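Read off the chains here:
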Amino acid sequence: MLEILQIPVLQDNYIYLIHEPNGWATAAIDPALAEPVLRALDEKGWTLTHILNTHHHGDHVGGNIELKSKTGCAIVAMARDKERIPGIDVEVSEGDIIGLGHAEAKVLDVPGHTSGHIAFWFAGESALFLGDTLFGLGCGRLFEGHAEEMWASLEKIRALPPSTRIYCAHEYTQANGRFALEIEPENQALQERMVRVTNLRQQGLPTIPSLLGDELATNPFLRPHSPEIRRRLGLEDVTDWRVFAEIRHRKDSFRG
Ligand code: ZN
Ligand code: FE
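Cut-offs and rules
- Residues numbered from 1 in each chain as written.
- Chains lettered and ligands numbered in written order.
- Predicted model: local features only at pLDDT ≥ 70, side-chain atom pairs only at ≥ 80, totals over all residues.
- Heavy atoms only, no water.
- Helix = DSSP H or I, 4+ residues; strand = E, 2+ residues; numbered from the N terminus.
- Buried < 20%, exposed > 50% of the residue type's maximum accessible area, 1.4 Å probe, protein only.
- Contact = heavy atoms within 4.5 Å.
- Lys, Arg positive; Asp, Glu negative; His and termini not counted.
- Charge placed at Lys NZ, Arg CZ, Asp CG, Glu CD.
- Core = buried A, V, L, I, M, F, W, Y, C linked by side-chain atoms within 4.5 Å.
- Pairing = 2+ DSSP bridges.
- Axes fitted to C-alpha atoms, helices over the stretch in contact; angles between N-to-C directions.
- Donors = N, O, S within 2.8 Å, 3.2 Å for Na, K, Ca; no water.
- UniProt positions renumbered as here; feature names shortened; annotations may be inferred.
- Tetrahedral: all angles 85-135°; square planar, octahedral: opposite > 155°, others 65-115°.
- Polar contact = N/O pair within 3.5 Å; in protein donor to acceptor, adjacent residues only side chain to side chain.
- Phe/Tyr/Trp six-rings, centres within 6.5 Å; stacked < 30°, edge-to-face > 60°.

Peer 1: Looking at this model, I keep getting lost on the overall build of the protein. Mind explaining?
Peer 2: Along its length, the protein carries nine helices and 14 strands. With the C-alpha coordinates of the protein rotated into their principal frame, the extents come out at 55 × 40 × 30 Å. Looking at the protein residue by residue over its 256 residues, the buried ones come to 52%. For the protein, the share of sequence-separated contacts (at least 6 apart) that also reach a separation of at least 24 residues comes to 59%. Here the protein carries 25 positive and 36 negative side-chain charges, and the mean point of each set is 4 Å from the other.

Written out as structure tokens, the structure is:
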């Protein structure tokens with residue numbers, strides 16, 4: 001059983017600390033900063049053994065070097081992106097297995113937001129750490145990839161068990177939801193989720209992790225097959241990735 005700690009940092013980032021008690025292993029996922037991680041480790045009495053980076057952006061690797069020099073942890077990241085990951089020790093690719101004490105994560109290659117983006121899937125724990133690939137009711141911007149590539153990445157995620165908990169790196173759900181309601185206003189599951197999301201945010205509580213099953217039912221970026229979305233976009237006879245591309249394009253200029 002993993003213990004997972006969610007640390008809010010910067011404007012809207014989440015760093016996750018995951019602890020495997022039997023093997024005395026602890027990993028920080030996407031440490032934007034070192035100091036909040038060091039403080040949490042101290043409070044918990046944990047020793048950092050790993051950093052797992054999903055991609056190279058500063059708000060995901062900013063704490064790498066300081067954490068490594070203070071704890072001696074090993075930094076695990078995408079082999080294809082090794083030039084851009086500060087302090088990388090272990091280069092991984094699609095399908096590789098990372099041991100964290102007695103727990104295991106499988107590496108999924110999910111390019112699109114950046115060309116070297118990966119996710120860590122702890123199947124035994126129903127937990128997926130996916131950085132900026134998918135968000136609550138949204139998905140990452142296409143900074144280095146194109147829509148067809150991102151859609152292939154999202155299809156990989158769509159194929160996982162719906163009970164999978166989605167640990168993304170930003171609290172964007174409420175703002176994303178305003179766009180989602182514009183794209184698919186008649187989706188009742190979406191309307192209901194937005195009520196829950198608004199309540200949580202009013203209390204200052206996180207909406208993350210979410211459940212993949214809920215994202216499948218409400219996140220427009222996973223729903224290019226939706227007849228309502230296709231009708232609204234006037235894209236009834238094109239492939240899913242082209243509908244996805246249009247949703248992404250509209251979101252980029254959406255001012256809600
Ligand atoms: Zn990013
Ligand atoms: Fe980010």
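After presenting the structure, the write-up continues.
Peer 1: In this structure, what is going on with the nonpolar core? I would like to understand it.
Peer 2: Note that soluble globular proteins tend to have their nonpolar side chains buried in a common cluster. Counting residues in hydrophobic clusters, the biggest one holds 51 residues, and the most contacted among them are F120, F122, L128, F129 and L154. Beyond its immediate sequence surroundings of up to four residues, F129 is in contact with I4, Y16, I18, I29, T54, A119, F120, F122 and Y167. Within the second largest apolar cluster, 20 residues are counted, among which are V9, C73, I75 and I88.

Peer 1: Looking at this structure, I do not really get the sheet that holds strand β5 (residues 74-78). What am I missing?
Peer 2: Across a sheet, paired strands are connected by hydrogen bonds in the backbone, their directions being either parallel or antiparallel. Judged by pairing direction, the sheet is mixed, and its six strands sit side by side in the order β1-β2-β3-β4-β5-β6 without closing on themselves. Every other strand in the sheet has two partners, leaving β1 (3-9) and β6 (90-92) as the edge strands with one partner each. On average, each strand axis in the sheet is tilted by 20° relative to the strand beside it, whichever way the strands run. As defined by bridge partners, β5 adjoins β6 across three bridges and the pair is classed as parallel. Its bridge partner lying in β6, M78 is registered against V92.

Peer 1: What am I meant to see in the coordination of the iron ion (ligand 2) here?
Peer 2: Tetrahedral coordination by four donors sets the ideal angle at the metal to 109.5 degrees; octahedral coordination by six donors sets it to 90 or 180 degrees. Protein-derived ligands of the iron ion (ligand 2) are D59 (OD), H60 (NE2), D132 (OD) and H170 (NE2), with the metal-ligand distances lying across 2.1 to 2.4 Å. Between the iron ion (ligand 2) and the zinc ion (ligand 1), both coordinated by D132, there is a metal-metal distance of 3.2 Å. You can see D132 sitting in the loop between β10 (127-131) and β11 (134-135) and its partner H170 sitting in the loop between β13 (165-168) and α5 (173-183), a full 38 residues away along the chain. Across this residue pair, the class does not change: D132 and H170 are buried.

Peer 1: Please explain the UniProt feature "domain: Metallo-beta-lactamase" (unreviewed entry) in the protein as it appears in this structure.
Peer 2: UniProt feature "domain: Metallo-beta-lactamase" (unreviewed entry): in the numbering of this structure it lies at residues 12-170. Across residues 12-170, the secondary structure splits into 21% helix and 33% strand, with the terminal C-alpha atoms separated by 5 Å.

Peer 1: Mind showing me how you'd approach the coordination of the zinc ion (ligand 1) here?
Peer 2: Taken together, H55 (NE2), H57 (ND1), H113 (NE2) and D132 (OD) make up the protein donors of the zinc ion (ligand 1), found 2.2 to 2.3 Å from the metal. Every donor counted, the four donor atoms about the zinc ion (ligand 1) form angles of 86 to 173° at the centre, which fits irregular coordination. If you list the donors of the zinc ion (ligand 1) from N- to C-terminus, the spacing comes out as H-x1-H-x55-H-x18-D.

Peer 1: Please clarify how the UniProt feature "binding site: Zn(2+) 1" (unreviewed entry) in the protein should be interpreted in this entry.
Peer 2: In this structure's numbering, the residues bearing the UniProt feature "binding site: Zn(2+) 1" (unreviewed entry) are H55, H57, H113 and D132. Annotated residues spanning 78 residues; largest pairwise C-alpha distance 10.1 Å, indicating a single compact cluster. With respect to the helices and strands, the residue H55 is situated in the loop between β4 (50-52) and α2 (58-61). Given the relative accessible area of 0%, H55 is considered buried. The residues contacting H55, other than those within four sequence positions of it, are D30, H60, V61, I85, H113, T114, G116, H117 and D132. Polar contacts involving the side chain of H55 include one to the side chain of T54, which spans 2.9 Å.

Peer 1: Hey, could you run me through the pairing of strand β7 (residues 97-100) in this one?
Peer 2: A regular strand carries its side chains on alternate faces of the sheet. Here β7 shows one buried face, formed by I98 and L100, and one open face, formed by I97 and G99. Alignment of β7 against strand β8 (residues 103-109), held across four bridges, turns out to be antiparallel. Within the sheet, the bridge partner assigned to I97 lies in β8 and is K106. Here β7 folds back onto β8, and the loop between the two strands holds two residues, one of which, G101, carries a positive phi near 60°.

Peer 1: I'm lost on the sheet that holds strand β14 (residues 210-211) in this one. Help?
Peer 2: Taken in spatial order, the six strands line up as β7-β8-β9-β10-β13-β14 in an open sheet, and their pairing is mixed. The sheet is open, and its two borders are formed by β7 and β14, each paired with just one other strand.

Peer 1: Help me out: how do you make sense of the packing of aromatic side chains in this one?
Peer 2: Two numbers describe a pair of aromatic rings. These are the distance of the centres and the angle of the planes. By the definition in use, this model includes 10 aromatic pairs. Arranged with centres 5.8 Å apart and planes meeting at 85°, the rings of F122 and F129 form a pair that is edge-to-face. For the pair formed by F122 and F129, the shared burial category is buried. Ring centres 5.8 Å apart and planes at 35° place the aromatic pair W151 and F244 in the tilted group. Pair noted here: W151 is in helix α4 (residues 147-158) and F244 is in helix α9 (residues 240-252), with a separation of 93 residues, a long-range link. The pair formed by W151 and F244 is uniform in burial state, with each residue classed as buried. A connected cluster of aromatic rings, assembled from ring pairs, spans Y14, Y16, F122, F129 and Y167.

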